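Here are the chains, one letter per residue:
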Amino acid sequence: MSRARIFSTRISTARVLIMLAIPALAAGICAVDAFYIEPNFPRVVELEVKIKDLPKELDGLKIVHLTDIHLVTVDKREDRALAKIDAIKPDIICLTGDYVEDDGITPGHYTKQDCTRHFRYFCYRLKAKHGVFAVSGNWDPLTLEQDIAGTGVKVLDKKSATVKIRGASLTIAGSFVVEKDMVKARPLIVLDHFPEAADNLVRAGRHADLVLAGHWHGGQVNLPGQTPQVKYLAGLYRVGDIQLYVGRGLGMHTHAVRFRCPSEIALIVLRAERE
């Protein structure tokens, strides 16, 4: 065989190897991203929400929104999240459900009771100038308020709370009391685990300036070309006159994997809507 043919054969073999290596390398990068980076390094997603007739004292108010924490223990991921929240120095923190994993799902030897105890410690470490407020999700026990009593987190499932900030009032409420027309204050932020709460408020003829929700984890694993068929998956929506923000979640349910949907800490800055 001539030298030219040998050289040509070697080049062809190299090309084949490169063609095989590129998809393998891409798959490896995606695996590292999905199983390590996106689940374990929460991103701060910042957005401004404009509210009509917002008192000037509340303009620039910083709200951290966490949802779907699905906590098993307080480890490096949670420590990173708490450090980022501390760096934000939020005025208010809002939590919208699904805080711990359930028996049979948690990795290792942890029980739901263990997870609840760890979540209690997580709550102790949440600090905001004007309070931390929460509602239950579909995975949370009826004893949630009792479980985290004394941590400083106020559970608002069927309640509301009004905070005074630089002389102005801001009311935060669970969707139940708003839907039942038990709260009519403005400005008003409503918490619910399910985004469809905004639809319920519109149907009931109730108003809220902002609804915070979660539940869907932003899809958690979003393969190219396969967007989950969900009405309110993640991000900011307008539902009638109500603004709805759906968080992608801090944690993961069942499988510790995220793809094209990183773990999220939402930083919502309130702004007065200008005429």
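To start, this report covers the structure provided alongside it. Per chain, the residues get numbers from 1 upward, laid out in the order the sequence is written. Residues qualify for local features only when their pLDDT is at least 70, as the model is predicted, and side-chain atom pairs are given and counted only at 80 or more; totals for whole chains, interfaces and linings, by contrast, use all residues. As a rule here, side-chain values cover all heavy atoms of the structure and leave hydrogens and water aside.

This part is about the environment of Lys184. Secondary structure follows DSSP: runs of H or I at least 4 residues long count as helices, runs of E at least 2 residues long count as strands, and numbering of each begins at the N terminus. Positionally, Lys184 belongs in the loop between α5 (175-179) and β8 (188-191). Between the C-alpha atom of Lys184 and that of Ala208, which follows or precedes it by 24 residues, the distance is 8.8 Å.

What follows is about the packing of aromatic side chains. Aromatic rings from Phe, Tyr and Trp, with only the six-membered ring used for Trp, were paired whenever their centres fell within 6.5 Å, and each pair was classed as stacked if the ring planes differed by under 30 degrees, edge-to-face if by over 60, and tilted otherwise. Following the criterion strictly, the structure yields four aromatic pairs and no others. Residues Phe119 and Phe122 carry aromatic rings whose centres are separated by 6.2 Å and whose planes lie at 20° to one another, so their mutual orientation is stacked. Of this pair, Phe119 and Phe122 both sit in helix α3 (residues 112-124), separated by three residues, roughly a single helical turn. For the pair Phe119 and Phe122, a shared accessibility class is recorded, and that class is buried. Centre to centre, the rings of Tyr232 and Tyr237 are 5.1 Å apart; their planes meet at 75°, and the pair counts as edge-to-face. With relative accessibility at 7%, the residue Tyr232 sits in the buried group. Clustering of aromatic rings is evident, with ring pairs tying together Tyr99, Phe119 and Phe122. The criterion is that NZ of a Lys, or CZ of an Arg, lies within 6 Å of the ring centre and within 35 degrees of the ring normal, and then a charge sits over that ring. In this structure, Arg80 is placed above the aromatic ring of Phe41, and the distance from its NZ or CZ to the ring centre is 4.0 Å. Accessible area is worked out with a 1.4 Å probe on protein chains only. A residue is then buried under 20% of its type maximum, exposed over 50%, and partly exposed in between.

Positionally, Gly214 belongs in the loop between β9 (210-213) and β10 (235-239). Gly214 sits in the buried class, given a relative accessible area of 0%. C-alpha of Gly214 to C-alpha of Leu95: the two residues are 119 residues apart in sequence and 9.4 Å apart in space. In this structure Gly214 touches Thr67, Asp68, Thr96, Asp192, His193, Pro195, Val246 and Gly247, once residues within four positions along its chain are discounted. We call two residues in contact whenever any of their non-hydrogen atoms come within 4.5 Å of each other.

Strand pairing in a sheet relies on backbone hydrogen bonds, with the paired strands running either antiparallel or parallel. In space, the six strands of this open sheet follow the order β1-β12-β2-β3-β4-β5, with mixed pairing throughout. Strands with a single pairing partner mark the edges of an open sheet, and in this sheet they are β1 (43-51) and β5 (153-155). Pairs of neighbouring strands in the sheet enclose a mean axial angle of 25°, with direction left out of account. When strand β2 (residues 62-66) meets strand β12 (residues 264-272), the two strands line up antiparallel, connected through four bridges. Bridge pairing links His65 to Ala266 in β12. Here, axes are lines fitted to C-alpha atoms. For helices the fit covers the stretch in contact, and angles between N-to-C directions go from 0 to 180 degrees. With respect to the sheet, helix α2 (residues 76-88) is in contact with β1, β2, β3 (92-96) and β12, its orientation differing from that of β12 by roughly 20°. Any two strands between which DSSP finds at least two bridges are classified as paired.

Examined against the element boundaries, His65 turns out to sit in strand β2. Each polar contact in these results corresponds to two N or O atoms within 3.5 Å; when the atoms are within protein, one needs to be able to donate a hydrogen and the other to accept it, and residues that are neighboring in sequence are counted only if both atoms are side-chain atoms. Only 2.8 Å separates the side chain of His65 from the side chain of Thr96, close enough to count as a polar contact. Setting aside chain neighbours within four positions, we find His65 in contact with Cys94, Thr96, Leu212, Ala213, Tyr245, Gly247, Ile265, Ala266 and Ile268.

It is worth spelling out unusual backbone geometry at this point. Of note, the bond from Arg186 into Pro187 is cis; its omega dihedral lies within 30 degrees of zero at -10°. Tracing the chain through its elements places Pro187 in the loop between α5 and β8. With a phi close to 50°, Arg166 is a non-glycine residue in the positive phi region. Examined against the element boundaries, Arg166 turns out to sit in the loop between β6 (160-165) and β7 (168-174). Look at Arg166 and you get exposed, because its relative accessible area is 53%. One non-glycine residue, Arg260, lies in the positive phi region at around 55°.

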